[in-house]
Amino acid sequence: LDLVGEPPTSNDLLAFSLDTRADKRAKLVKQLLADDGYGTNWGRYWRDVIMFRRTEDRAILSQPALEEFLVTEFNANTPWNSIARQLITATGNVRENGQTGLIMAQGGRPEDTVAEISRIFLGIQIQCAQCHDHPTDRWTREQFHQLVAFFPRVAVRPTMMGNVRSFAVIADDQQPRLRRTNNNNRFRGTLEHYMPDLEKPELKGTLMQPVFFATGQQLQTGVLDKDRRETLSSWITSPENSWCAKALVNRLWSELVGEGFYEPVDDIGPDRDCSAPRTLDLLCNELTAHDYDIKWLMETILLTRTYQLESRNRRSLDELPFQANCPQRLRSDQLFNSLLAVFEIEDVVSDRPAAYGPGMRQGRGAPRLLFNSMFGFDPSTRRDEIGGSIPQALAMMNSPFINQQINAQRGQMLAPLMAEVNDDRQLVEELYIRVLSRQPTRQELRVCLDFRRGINSRSEAFEDILWALLNHAEFIHRK
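Residues numbered from 1 in each chain as written. Predicted model: local features only at pLDDT ≥ 70, side-chain atom pairs only at ≥ 80, totals over all residues. Heavy atoms only, no water.

Draft legend 1. Fine view of the overall build of the chain. Helix and strand counts for the chain come out as 21 helices and 9 strands. Taken across its 479 residues, the chain has 52% of its residues classed as buried. Across the chain, the fraction of contacts at a sequence separation of at least 24, relative to all contacts at a separation of at least 6, is 66%. As displayed, the chain offers around 22,600 Å² of accessible surface, 48% of which is attributable to carbon and sulfur atoms. (Helix = DSSP H or I, 4+ residues; strand = E, 2+ residues; numbered from the N terminus. Buried < 20%, exposed > 50% of the residue type's maximum accessible area, 1.4 Å probe, protein only. Contact = heavy atoms within 4.5 Å. Areas by Shrake-Rupley, 256 points an atom, 1.4 Å probe, with all protein chains shown as cover.)

Draft legend 2. Quick peek at helix α5 (residues 80–88). Where α5 is concerned, the buried positions are Trp 80, Asn 81, Ile 83, Ala 84, Leu 87 and Ile 88. Down the axis of α5, the sector holding all buried residues measures 160°, keeping them to one side. (Arc of directions from axis to C-beta.)

Draft legend 3. Broad picture of the sheet that holds strand β3 (residues 164–171). Ordered in space as β1-β3-β2, the 3 strands form an open sheet in which the pairing is antiparallel. Unpaired on one side and paired on the other, β1 (92–93) and β2 (154–161) mark the two borders of the sheet. Where β2 lies against β3, 8 bridges are found, and the strand directions are antiparallel. By the bridge assignment for β3, Thr 159 is matched with Ser 166. (Pairing = 2+ DSSP bridges.)

Draft legend 4. Looking closely at the packing of aromatic side chains. Per the counting criterion, the structure on display carries 16 aromatic pairs. Look at Phe 150 and Trp 235: their rings are 6.1 Å apart centre to centre, the planes differ by 90°, and that puts the pair in the edge-to-face class. In this pair, Phe 150 is assigned in the loop between α8 (141–148) and β2 and Trp 235 in helix α9 (residues 225–237), connecting sequence segments 85 residues apart. Both residues of the pair, Phe 150 and Trp 235, count as buried. Taken together, the aromatic side chains of Trp 42, Tyr 45, Trp 46, Trp 80 and Phe 121 make up a single cluster linked through ring pairs. If you follow Lys 24 out to its NZ or CZ, it ends over the ring of Phe 16, 4.4 Å from the centre. The positively charged end of Lys 246 is found above the aromatic ring belonging to Trp 243, 4.4 Å away from the centroid. (Phe/Tyr/Trp six-rings, centres within 6.5 Å; stacked < 30°, edge-to-face > 60°. Lys NZ or Arg CZ within 6 Å of the ring centre and 35° of its normal.)

Draft legend 5. Spotlight on empty space enclosed by the protein. Here the structure, examined in full by the defined rule, presents 3 cavities of 30 Å³ or more. Volume-wise, the largest cavity comes out at about 90 Å³. Forming the walls of the largest cavity are 15 residues, and the residues nearest its centre are Ser 254, Glu 263, Val 265, Thr 381 and Arg 383. Among the elements that line the lining of the largest cavity, the one with the most residues is helix α10 (residues 242–257), at 3 residues. (1 Å grid on protein atoms, 1.4 Å probe; cavity = no way out; pocket = protein on both sides within 12 Å on 5 of 7 lines; lining within 4 Å. Points joined across faces, edges and corners; volume = space filled by probe spheres on them.)

Draft legend 6. Seen up close, the nonpolar core. By size, the foremost hydrophobic cluster in this structure holds 79 residues, and its most contacted members are Trp 42, Trp 46, Trp 80, Phe 121 and Phe 261. Sort the elements by how many residues they give to this core and α10 lands first, with 10 residues. Not counting residues within four places of it along the chain, the set of residues in contact with Phe 121 comprises Trp 80, Ala 84, Leu 87, Ile 88, Leu 102, Ile 236, Trp 243, Cys 244 and Ala 247. (Core = buried A, V, L, I, M, F, W, Y, C linked by side-chain atoms within 4.5 Å.)

Draft legend 7. Structural context of the side chain of Asp 2. Mapped onto the elements, Asp 2 comes out in the segment before α1 (10–18). Here the side chain of Asp 2 touches Arg 478 through a polar contact of 2.7 Å, side chain to side chain. With sequence-adjacent residues up to four places away left out, Asp 2 is seen in contact with Asn 41, Trp 42, Leu 256, Tyr 307 and Arg 478. (Polar contact = N/O pair within 3.5 Å; in protein donor to acceptor, adjacent residues only side chain to side chain.)

Draft legend 8. Main features of the pairing of β3. Pairing between β1 and β3: 2 bridges, direction antiparallel. Of the residues in β3, the one forming a bridge with Gly 92 is Val 169. Between the end of β2 and the start of β3, which pair antiparallel, lie 2 residues, with Gly 162 showing a positive phi angle near 70°.

Draft legend 9. Seen up close, the packing of helix α7 (residues 110–122) against α8. It is at 9 Å that the axes of α7 and α8 come closest, and there the two elements cross at 100°. Classified by the angle between their axes, α7 and α8 sit roughly perpendicular to one another. Seen from α7, the contacting residues are Pro 110, Glu 111, Val 114 and Ser 118; seen from α8, they are Phe 144, Leu 147 and Val 148. Per-class residue counts for the contact of α7 with α8 are 5 nonpolar, 1 polar and 1 charged. (Axes fitted to C-alpha atoms, helices over the stretch in contact; angles between N-to-C directions. Parallel < 35°, antiparallel > 145°, perpendicular 65-115°, else oblique. Nonpolar A, V, L, I, M, F, W, Y, C, P; charged D, E, K, R; others polar.)

Draft legend 10. Focus on helix α14 (residues 332–343). Under the 1.5 Å per step criterion, the end-to-end length of α14 is 17 Å for 12 residues, consistent within 8% with the ideal 16 Å. For α14, a buried count of 11 out of 12 residues is recorded, marking the element as mostly surrounded by other parts of the structure. Against α3 (36–51), α15 (367–375), α16 (390–398), α17 (400–405), α19 (424–436) and α21 (458–470) lie the buried residues of α14. At the C-terminal side of α14, Glu 344 shows a positive phi close to 55°. (Expected span 1.5 Å × (residues − 1).)

Draft legend 11. Representation of the pattern of salt bridges. What the rule picks out here adds up to 41 salt bridges. A salt bridge links Glu 67 to Arg 44; the nearest nitrogen and oxygen atoms lie 3.2 Å apart. Note that Glu 67 is positioned in helix α4 (residues 63–75) and Arg 44 in helix α3, a separation of 23 residues in sequence. Take Glu 67: its relative accessible area is 17%, and that puts it in the buried class. Among the residues examined, Arg 44 registers a relative accessible area of 13% and is labelled buried. Between Glu 56 and Arg 58 there is a salt bridge, and its shortest N-O distance comes to 3.0 Å. Shared partners join several salt bridges into a network, and the residues in it are Arg 44, Arg 47, Asp 48, Glu 67, Asp 333, Asp 347 and Arg 368. (Salt bridge = Lys/Arg side-chain N within 4 Å of Asp/Glu carboxyl O.)

Draft legend 12. Focus on the confidence of the model for the chain. Averaged over all residues, the pLDDT of the chain is 92; the fraction at 70 or higher stands at 94%. Within the model, the stretch residues 181–185 combines pLDDT values under 50 with 9 contacts to residues more than four positions away or in other chains. Ignoring residues within four places in sequence, the model shows residues 354–365, a span with pLDDT below 50, making 27 contacts including any to other chains. (pLDDT = per-residue confidence, 0-100.)

Put into structure tokens, the structure is as follows:
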């Protein structure tokens, strides 16, 4: 689930448990990192990181290209600093160039774009300093607008791909004769950024020089957009700027171990407390020494003793951190992959972009899109703040997709399995392994067999047992 976004098969579990090699875990980690599912799983994760905080809902047009770009880069093990630079400096049609997804998600608005760049690549929420000095960090309003000054010439403009409507991220280094705006969308940029005067908003404001707040490095006004964004991206990802490595290490550690060094994962900084600073610094130093190699970082974390600890509920504030791994709700794609694995069916691919975020309707489309709409959540949110909902519970209990697949009379997975396994005890064990990746406890086995004896129809009994396992809280959590 952590690496390729899907549970192990029964054969995977059997092969691993029978393997007597001392390095079998390390070999399995390398095998999974080389699987194409790794890039798909983590490409979808970062797609959600970018898209859930979008301020421009038309950005869903860019989502398929963004996901394809991320999947390709992660499977190629492109260094994190290179991925970041491509996202920060992107231009082009948003349906074709996935690198434009981050800028398109914010409608090309400089203030929103740099806020997301800071949050995602530095783990610092400097947007809180847009209208006033940051209330809980040292960052000032002037520093926020100095960061915005790297992006004034960037905009998002409507365009066409044949007969298909689209948008393009553009950079204009010429003073436009007429600046057009529509629905608060910037069709053209401005040559420079001016910090608004809060007391006299009708005035032009103060001309801002591009300055990177984390290091104090600066450019002069008048610099071309290409030079501004390329310079900013190199400063952000430089080994001299420790916040880039810290943001990535903290986020991945939290996703894999269940608790970050900083919580939430995108609100770190010099005025925040780190729960294990020496460990974080060690991992960050090694990450930069390995040229931002993401697979190296994944492998390192998965082979730590901390990652391999048993799962327990989240600790209270007065307990020491990292005494156990923490269960987490599966992301929507992981949940749907788990259903596909249980039912032994292939994914249904749709060319429609899924709609994520509050206020988005479920609509019609492939089952994965419906699950993403219903079960998706912002992966940057603290996991202890993410809970289930009544619509989600009803979807798992009453979804036509699920109910069709568990029907033993329609030739789905359950019918041939029941024909192959005549012993009820063995069939219960097989369903537990298939759905929860473990054997049933004695009590669970007794309950299931008692239930089976009380139902005349074997098919109906095991349909109900399978349905109950799919609706077990354990199925929708990663342990």
